[in-house]
Amino acid sequence: MNCLEFKRLALSDPSSSEVSFVEHSDTCPDCLKYVGEVRQLDADLAESLNVEVPTDLKARLKLATEMQEESEQRSSISRYAIAASVAIALFVGGFMVSNQFGPQPGEIGKDYQKLLAAVVEHVNEQPMTPVWGNARAERTVNTLMASYDPSLSFNEIENLQFGRICPMGKYRGLHATLESANGQTTFAYIKGEPVGEMLDHSYEGYVARVKPVRGGNLVIVSRTQQSVDQAEVELQKAMVWDI
Amino acid sequence: MTNQSNETGEDQVNYDDMNKNRKYALLIEAHSQDLYKYALWLCKDKAMAEDVMQEAFLRAWKSLDSLREAKAAKGWLFTIFRREHARQFERKQFQYKDVESMDSIADAQMGYDDRPEAFALRNALVRLPQEYREPLEMQVLGGFSCDEIASVLDISASAVMTRLFRARKKMRQILGHESTPELGLVQDTRG
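Residues numbered from 1 in each chain as written. Chains lettered and ligands numbered in written order. Predicted model: local features only at pLDDT ≥ 70, side-chain atom pairs only at ≥ 80, totals over all residues. Heavy atoms only, no water.

**Things to note about the interface of chain B and chain A**
Alright, step 1. At the interface, 46 residues of chain B touch 37 residues of chain A.
Alright, step 2. Together chain B and chain A conceal approximately 3800 Å² of surface at their shared face, both sides included; 65% is due to carbon and sulfur atoms.
Alright, step 3. The interface formed by chain B and chain A includes three salt bridges.
Alright, step 4. For R168 of chain B, the salt bridge is made with D42 of chain A, and the minimal N-O distance between the two is 2.8 Å.
Alright, step 5. Remark: the boundary between chain B and chain A carries eight residue pairs in polar contact (both at pLDDT 80 or more).
Alright, step 6. Mapped onto the side of chain B that touches chain A, the elements with two or more residues apiece are helix 2 (20-43), helix 3 (46-62), helix 6 (116-126), helix 7 (130-142) and helix 9 (157-174) of chain B.
Alright, step 7. When residues of the side of chain B that touches chain A are assigned to their parent elements, the largest contribution, nine residues, is made by helix 2 of chain B.
Alright, step 8. Looking at the side of chain B that touches chain A residue by residue, the classes come out as 26 nonpolar, eight polar and twelve charged. (Contact = heavy atoms within 4.5 Å. Buried area = accessible area lost by both parts, 1.4 Å probe. Salt bridge = Lys/Arg side-chain N within 4 Å of Asp/Glu carboxyl O. Polar contact = N/O pair within 3.5 Å; in protein donor to acceptor, adjacent residues only side chain to side chain. Helix = DSSP H or I, 4+ residues; strand = E, 2+ residues; numbered from the N terminus. Nonpolar A, V, L, I, M, F, W, Y, C, P; charged D, E, K, R; others polar.)

**Describing the pattern of salt bridges**
Opposite charge on two side chains allows them to pair when their charged atoms are near.
Alright, step 1. Tallying each qualifying case throughout the model produces 16 salt bridges over all chains.
Alright, step 2. In this structure, E29 of chain B engages K58 of chain A in a salt bridge whose closest nitrogen and oxygen atoms are separated by 2.9 Å. Residue E29 of chain B is found in helix 2, and its partner K58 of chain A is found in helix 4 (residues 57-92); the two belong to separate chains.
Alright, step 3. Classification of K58 of chain A by relative accessible area gives buried; the value is 19%. (Buried < 20%, exposed > 50% of the residue type's maximum accessible area, 1.4 Å probe, protein only.)

**Brief notes about the pairing of strand 5 (residues 199-203) of chain A**
Residue and element names in this part refer to chain A.
Alright, step 1. Burial of strand 5 is one-sided: the residues L199, H201 and Y203 facing one way are buried, the residues D200 and S202 facing the other way are not.
Alright, step 2. Sheet analysis places strand 5 next to strand 6 (residues 206-213), joined by five bridges and oriented antiparallel. Bridging from a neighbouring strand, D200 pairs with R209 of strand 6. (Pairing = 2+ DSSP bridges.)

**Topic: the pairing of strand 3 (residues 171-180) of chain A**
Residue and element names in this part refer to chain A.
Alright, step 1. Within strand 3, eight of the ten residues are buried, which leaves it mostly tucked inside the rest of the structure.
Alright, step 2. Bridge count for strand 2 (residues 160-168) against strand 3 is eight bridges, and the pairing is antiparallel. Pairing of G163 across the sheet is with A176, part of strand 3.
Alright, step 3. Linkage of strand 2 to strand 3, two consecutive antiparallel strands, is achieved through a turn of two residues, within which G169 is found at a positive phi near 60°.
Alright, step 4. Bridge count between strand 3 and strand 4 (residues 183-191): seven bridges; the pairing is antiparallel. Bridge assignment links H175 to a residue of strand 4, and that residue is A188.
Alright, step 5. The loop that links strand 3 with its antiparallel partner strand 4 comprises two residues.

**A word on unusual backbone geometry**
Residues and elements named next belong to chain B.
Alright, step 1. One non-glycine residue, K44, adopts positive backbone phi at about 60°.
Alright, step 2. Backbone geometry at D154 places phi at a positive 60°, although glycine is not the residue there.
Alright, step 3. Along the chain, D154 falls in the loop between helix 8 (146-153) and helix 9.
Alright, step 4. Among the residues examined, D154 registers a relative accessible area of 69% and is labelled exposed.

**Remarks on the packing of helix 1 (residues 3-12) of chain A against helix 9 of chain B**
Describing two packed helices takes the angle between their axes plus the distance from one axis to the other.
Alright, step 1. Remark: helix 1 of chain A packs on helix 9 of chain B, axes separated minimally by 7 Å, with the N-to-C direction vectors making an angle of 90°. Classified by the angle between their axes, helix 1 of chain A and helix 9 of chain B sit roughly perpendicular to one another. Across from R8, L9, L11 and S12 of chain A in helix 1 of chain A, the residues of helix 9 of chain B making contact are M161, L164, F165, R168, K169 and R172 of chain B. (Axes fitted to C-alpha atoms, helices over the stretch in contact; angles between N-to-C directions. Parallel < 35°, antiparallel > 145°, perpendicular 65-115°, else oblique.)

**Observations regarding the sheet that holds strand 6 of chain A**
Two modes of strand pairing occur in sheets, parallel and antiparallel, and in both the strands are linked by backbone hydrogen bonds.
Residues and elements named next belong to chain A.
Alright, step 1. The six strands are arranged 2-3-4-7-6-5 in an open sheet whose pairing can be described as antiparallel. Two strands close off the open sheet at either side, each with one partner strand: strand 2 and strand 5. For this sheet, the mean inter-axis angle between neighbouring strands, taken without regard to orientation, is 20°.
Alright, step 2. Along the sheet face, helix 6 (residues 134-148) touches strand 2, strand 3 and strand 4 and points at about 30° away from the line of strand 2.

**Concerning the nonpolar core**
Alright, step 1. L27, M53, F57, F81, L136 and M171 of chain B are the most contacted members of the largest nonpolar core, which totals 69 residues.
Alright, step 2. Of all the elements, helix 2 of chain B adds the most residues to this core, at eleven residues.
Alright, step 3. Every residue in contact with F57 of chain B, bar those within four places of it in the chain, is listed here: L61 of chain A together with Y24, L27, I28, S32, L35 and L77 of chain B.
Alright, step 4. Judged by nonpolar contacts, the second largest core, of 50 residues, contains L160, M168, F187 and A238 of chain A. (Core = buried A, V, L, I, M, F, W, Y, C linked by side-chain atoms within 4.5 Å.)

The values are spatial; any link to function lies outside them.
Laid out in structure tokens, this is it:
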């Protein structure tokens, strides 16, 4: 391989492991310098195109697929339900029948996905949160809330264990935990525009609920549906807006 | 080399044993970051990049059973992404930024390095003809080999090498690194 051939290959494939390419670079300082410059240009270009990837991107991609699957399954069930309804209607000669499978799933907004993914991902990142005494937890949460959302405070919650203002994906909000019969239940309050409707979703072994509340959204995450329901009742009683 | 072959073989055996959810989780884990950088560069908009990516991953999920080899996953995923990107481009007629409208403030808002030298590199890349730019983007951003790029772009490996040669040569000229006369076309000397 001569210098011209070397430079041609250096511009095509600067990482080439071709024997004649490697041998030439070992014996020709000019060409070694040349390929070094080409590699440096590649490295600089890669660096100039580097960006920080959103921390919750992977979680959102997984969640979007799970939601799509769930939605398709529901649609499929609904299609069967409609077909069954038509058949029954024909069979009984005009009796009205109702859909036994509940309401059609609404269009699921991206806000749901992003909120749920951000909180679940945060819970996954911090599986062990401290367990404080109830008095300390209440005091801390109310102090933090005063700086985060002065209009909101918490009345007594007997099983409150921990609270902190945390970044959760692109959001920032209150991350707190409640003790429940089935282990710890996490809830997050994130200020901002409330999502359109309440939604439950199972994700990465968790049951997650996002609920629009005054001034933002409440996200409850637990291992069981029962714990989520219980936490929602408790939080509904405890959260007070001074508006 | 032998070790590498064994590792690849073992990877494939493990891949064959995985269920669909596990394969999909691995796909996201291994390639979402590179794909995001590639997507953002192509779309020039964070929300749009995430939308196209999400659609691409949904399509990947639906046709995951057609992916037989773990080592082919990256090229396969990027191919799906490129098709989805083209489809959305056709459908929505996104307003892409051309060279004249590129500015360092917009780049910085997207999270790119805002130093002048970094901007000059991106600007030089954008000024390349698309057929030269594409393989270079795939090599630099995606870490693809010439053969993998050939597979994704559906052209020969020697055509990829020619395009990469011209892309880098033009880049060097734009950046003032190269004033040498024509080096001629590269020949694919492999096998």
